[in-house]
Amino acid sequence: MNQPRGNDHAALTASRPGAGHPALATESLTRHFGGLTAVNQVSIQCHSGQIHAVIGPNGAGKSTLINLLSGELVPSSGKVLLDGEDVTAQDPAQRSQRGLGRSYQKTNIFAPLSVFENCRLAAQSRAGSSMRFFRPATSNREINQRALAALVATGLEAASECIVATLSHGAQRQVEIAMTLATAPKVLLLDEPLAGMGAEESAQVVALLNRLRGNHAILLIEHDMDAVFALADRLTVMVNGNVLESGAPDAIRASPAVQAAYLGVDEITHG
Amino acid sequence: MSPRPPNRHRLAHWIPVLVVIGLTLLPWITDKFYVQFVAKMMIMGIFAMSLDLLLGHAGLVSFGHAAFYGIGAYALALMTPAYQAANFWLSLAAAIGLSGLAALIIGFFVVRTHGIYFIMVTLAFAQMLFFVFHDTRIAGGTDGIFIDIRPDASLSGWVPFDLENFVHVYFVALACFALVYVLLRVLLRSPFGHVISGIRVNEPRMRSLGYRTFGYKLVCFSIGGAIAGIAGYLSALQFGVVNPEFLGWHLSAAVMMMVILGGMGTVAGPILGASVWMVLELGLQDLPTVAGVDLGKHWQLWMGSFIVLASLWLPNGLLGLLSTWRAAFGARTSQTGGQVLRPDGSTVPADYPGASTGASIASVTPLASVEARQAGNE
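1. Details of the overall build of chain B
Right, on to step 1. The number of helices and strands found in chain B is 13 helices and seven strands.
Right, on to step 2. Residue burial in chain B is summarised as follows: out of 378 residues, 50% are buried.
Right, on to step 3. Element-wise, carbon and sulfur atoms account for 68% of the exposed surface of chain B, whose accessible area totals about 17900 Å².

2. Some points on the sheet that holds strand β8 (residues 187-191) of chain A
All names here are of chain A.
Right, on to step 1. On the basis of which strands lie adjacent, the open sheet formed by six strands has the order β7-β8-β9-β4-β10-β11 and mixed pairing. Looking at strand neighbours, the two that pair on one side only are β7 (100-103) and β11 (242-247), the edges of this open sheet. Taken over all neighbouring pairs, the strand axes of this sheet differ in orientation by 15 degrees on average, direction set aside.
Right, on to step 2. Inspection of the sheet shows strand β10 (residues 234-239) paired to β11 by five bridges, in the antiparallel sense. The residue of β11 that forms the bridge with Leu235 is Gly247.

3. Things to note about empty space enclosed by the protein
Right, on to step 1. Under the defined criterion, the tally for this structure stands at four cavities of 30 Å³ or more.
Right, on to step 2. Taken as a whole, the largest cavity spans an internal volume of roughly 50 Å³.
Right, on to step 3. Residue lining of the largest cavity: Ser70, Pro92, Arg95, Ser96, Leu100, Gly101 and Arg102 of chain A together with Ser208 of chain B, and that is the complete set.
Right, on to step 4. When grouped by side-chain class, the residues that make up the lining of the largest cavity number two nonpolar, four polar and two charged.

4. Points about helix α10 (residues 268-285) of chain B
Right, on to step 1. Over its 18 residues, α10 of chain B runs 26 Å from end to end, which matches the ideal 26 Å to within 8%, given 1.5 Å per residue.
Right, on to step 2. Within the sequence span of α10 of chain B, burial applies to Gly269, Pro270, Ile271, Gly273, Ala274, Ser275, Trp277, Met278 and Leu284 of chain B.

5. What about the pairing of β8 of chain A?
Here is the key point about a regular strand: its side chains alternate between the two faces of the sheet.
Residues and elements named next belong to chain A.
Right, on to step 1. With five of five residues buried, β8 lies mostly within the body of the structure.
Right, on to step 2. What you see with β8 is no split at all: Val187, Leu189 and Asp191 on one side and Leu188 and Leu190 on the other are buried throughout.
Right, on to step 3. Note: β8 against strand β9 (residues 217-221), five bridges, orientation parallel. When the bridges of β9 are listed, Val187 appears paired with Ala217.
Right, on to step 4. Where the polypeptide runs from β8 across helix α7 (residues 199-212) and back to β9, its parallel neighbour, the crossover connection is right-handed.

6. A short note on unusual backbone geometry
Peptide bonds are, in most cases, trans, and in most cases residues other than glycine have a negative phi.
Right, on to step 1. Its identity as a non-glycine residue notwithstanding, Asp83 of chain A has a phi of 55 degrees, on the positive side.
Right, on to step 2. Mapped onto the secondary structure, Asp83 of chain A falls in the loop between β5 (77-82) and β6 (85-86).
Right, on to step 3. When its relative accessible area of 44% is taken as the criterion, Asp83 of chain A is described as partly exposed.
Right, on to step 4. Its identity is not glycine, yet Ala291 of chain B carries a phi of approximately 50 degrees, on the positive side.
Right, on to step 5. Residue class for Ala291 of chain B comes out exposed when judged on its relative accessible area of 78%.

7. Regarding the pattern of salt bridges
Right, on to step 1. Taken as a whole, this structure holds eleven salt bridges over all chains when the rule is applied.
Right, on to step 2. The closest approach of N and O atoms between Arg102 of chain A and Glu72 of chain A, which form a salt bridge, is 2.7 Å. Taken together, the positions of Arg102 of chain A in strand β7 and Glu72 of chain A in the loop between α2 (62-70) and β5 put the pair 30 residues apart, joining distant regions of the chain.
Right, on to step 3. For Glu176 of chain A, the salt bridge is made with Arg205 of chain B, and the minimal N-O distance between the two is 2.9 Å. Residue Glu176 of chain A is found in helix α6 (residues 169-182), and its partner Arg205 of chain B is found in helix α7 (residues 191-208); the two belong to separate chains.
Right, on to step 4. Looking at Glu176 of chain A, the relative accessible area reads 1%, which means it is buried.
Right, on to step 5. Overlapping salt bridges bring together Glu72, Arg102 and Asp191 of chain A as one network.

Cut-offs applied
Residues numbered from 1 in each chain as written. Chains lettered and ligands numbered in written order. Predicted model: local features only at pLDDT ≥ 70, side-chain atom pairs only at ≥ 80, totals over all residues. Heavy atoms only, no water. Helix = DSSP H or I, 4+ residues; strand = E, 2+ residues; numbered from the N terminus. Buried < 20%, exposed > 50% of the residue type's maximum accessible area, 1.4 Å probe, protein only. Areas by Shrake-Rupley, 256 points an atom, 1.4 Å probe, with all protein chains shown as cover. Pairing = 2+ DSSP bridges. Axes fitted to C-alpha atoms, helices over the stretch in contact; angles between N-to-C directions. 1 Å grid on protein atoms, 1.4 Å probe; cavity = no way out; pocket = protein on both sides within 12 Å on 5 of 7 lines; lining within 4 Å. Points joined across faces, edges and corners; volume = space filled by probe spheres on them. Nonpolar A, V, L, I, M, F, W, Y, C, P; charged D, E, K, R; others polar. Expected span 1.5 Å × (residues − 1). Right-handed = clockwise from strand over helix to strand, strands pointing away. Salt bridge = Lys/Arg side-chain N within 4 Å of Asp/Glu carboxyl O.

Next comes the structure, spelled out in structure tokens:
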């Protein structure tokens with residue numbers, strides 16, 4: 001399965017006849033930081049109903065890639081496509097409104113607000129313009145229900161009225177995911193959703209991702225290899241900004257190049 | 001600082017009503033000096049509330065807010081013909097419109113910047129306006145401009161109030177004060193209000209949730225400017241004189257200190273801050289001469305010391321101090337046998353587990369009990 005990188009466009013569409021445009025795709029995406037090429041000629045695809053995991057050692061360019069996809073970074077060259085449409089020139093807010101939802105590796109939520117308000121604000125972003133000045137924000141039943149649904153999906157409904165800053169780290173990570181869900185995204189970019197979670201919380205999130213897989217395209221960056229291999233339909237391995245390998249989990253596991261570059265190291269460090 | 005359960009401070013809901021009743025009765029209780037003083041207090045209260053909308057609610061640290069106050073004041077001065085009265089309704093609308101428009105134009109440039117740059121750019125724009133009025137003769141230059149005849153409030157023959165009468169001016173200021181208070185309360189509960197709070201807390205995350213934050217910040221800045229214009233207009237109306245100091249950075253700094261003193265991010269805090277500030281200013285200037293030193297003449301020294309101490313010991317302002325006292329009192333009276341009474345009437349053990357590490361969602365501590373315990377520890 002040693003496909004040359006940047007070439008799996010054809011391979012994937014061929015394997016999914018009639019699938020139309022991938023929900024999320026990049027074409028030769030590149031980003032330089034001065035002399036450093038953090039992401040080099042990366043072309044990946046993510047289809048609805050699929051979890052595409054991106055793995056790689058620290059510094060491989062995974063976070064830069066996700067920032068390029070969400071619009072927080074502008075690529076030096078290459079394209080980002082949502083449903084086949086070029087969104088490279090769009091800012092994060094526009095991409096979000098087109099159905100792209102992301103969660104952050106470093107918890108990025110509204111700490112002084114309640115869990116519910118965190119999700120309610122996320123849901124409110126889908127209800128058209130918020131240039132509305134008179135009716136109370138919390139009186140919109142549809143928005144409240146959408147926020148509540150996100151809390152139920154993540155198992156947070158009991159903590160709904162808690163101030164986020166008082167929650168445990170693991171629970172804050174779940175708020176992070178719940179907020180992303182409350183925007184009703186079609187494509188989910190999850191940046192290490194399991195980082196810092198306990199075993200029980202991790203299992204909950206893995207189960208949640210399995211449920212979400214049905215009608216979302218999910219791009220997952222994760223260091224927990226057990227979770228990655230349990231979840232991913234497709235794996236891309238990045239090293240030094242390049243795609244080393246991309247393919248089905250079994251093929252990746254068997255690849256000597258990947259073992260040398262990444263998995264092998266992992267085995268050695270974990271004895 | 002954080003949202004509180006609605007059923008917790010039932011008494012607090014009545015305070016604004018009691019304050020308005022008290023203010024309504026005031027002209028029958030005191031003399032002209034104090035009526036005018038309280039009118040000025042309410043005007044500064046409006047000004048401070050308008051700044052807090054930017055500072056405490058949207059997180060926009062505007063250091064040039066006097067610009068919009070000054071524009072409101074100059075709008076009345078320039079619309080008043082020599083030896084004739086301006087139309088009250090028209091000039092008030094013009095003051096609101098012009099200060100809001102100025103804030104829209106200035107905001108278009110400044111809300112793109114963040115942090116220290118925002119502070120500097122707002123100051124720079126305000127100083128530009130200051131020097132326009134200071135160095136040109138369009139409105140009397142450094143001497144300022146007098147409003148000899150107060151505006152005429154007649155509506156097709158009917159005269160609802162006479163602005164040459166200081167009590168009527170007082171009630172106009174009270175009406176504006178109450179209206180602005182209610183308007184801000186409604187605004188802050190609206191979808192727009194929640195969005196600007198979200199922007200204050202975490203603007204990048206608001207963008208990634210799909211909010212184009214620029215527009216919301218710009219509208220917020222314009223609303224703040226328009227309300228500051230009302231305050232400036234009323235000030236010009238009350239004293240009949242406008243000068244470049246109305247736009248100066250001294251006033252921008254003073255109103256910012258009023259907001260911080262009272263408590264940022266609350267609606268009542270800025271009112272409290274402005275009131276305490278003005279009472280102190282008045283009281284300190286009246287200090288006696290002790291051992292040959294005229295204490296009152298050096299009132300700014302005492303005021304400065306007070307501000308330093310207040311910022312050291314009252315990080316949440318005077319209103320924060322009041323809620324700390326109330327929370328401490330509440331915690332003492334509601335603790336029974338190691339149980340902390342929660343606002344919904346249920347109890348949790350006083351040693352309820354902290355949620356700082358490794359705790360699952362089920363062991364999350366409700367904020368109310370955290371607050372109660374912290375207050376109890378103090």
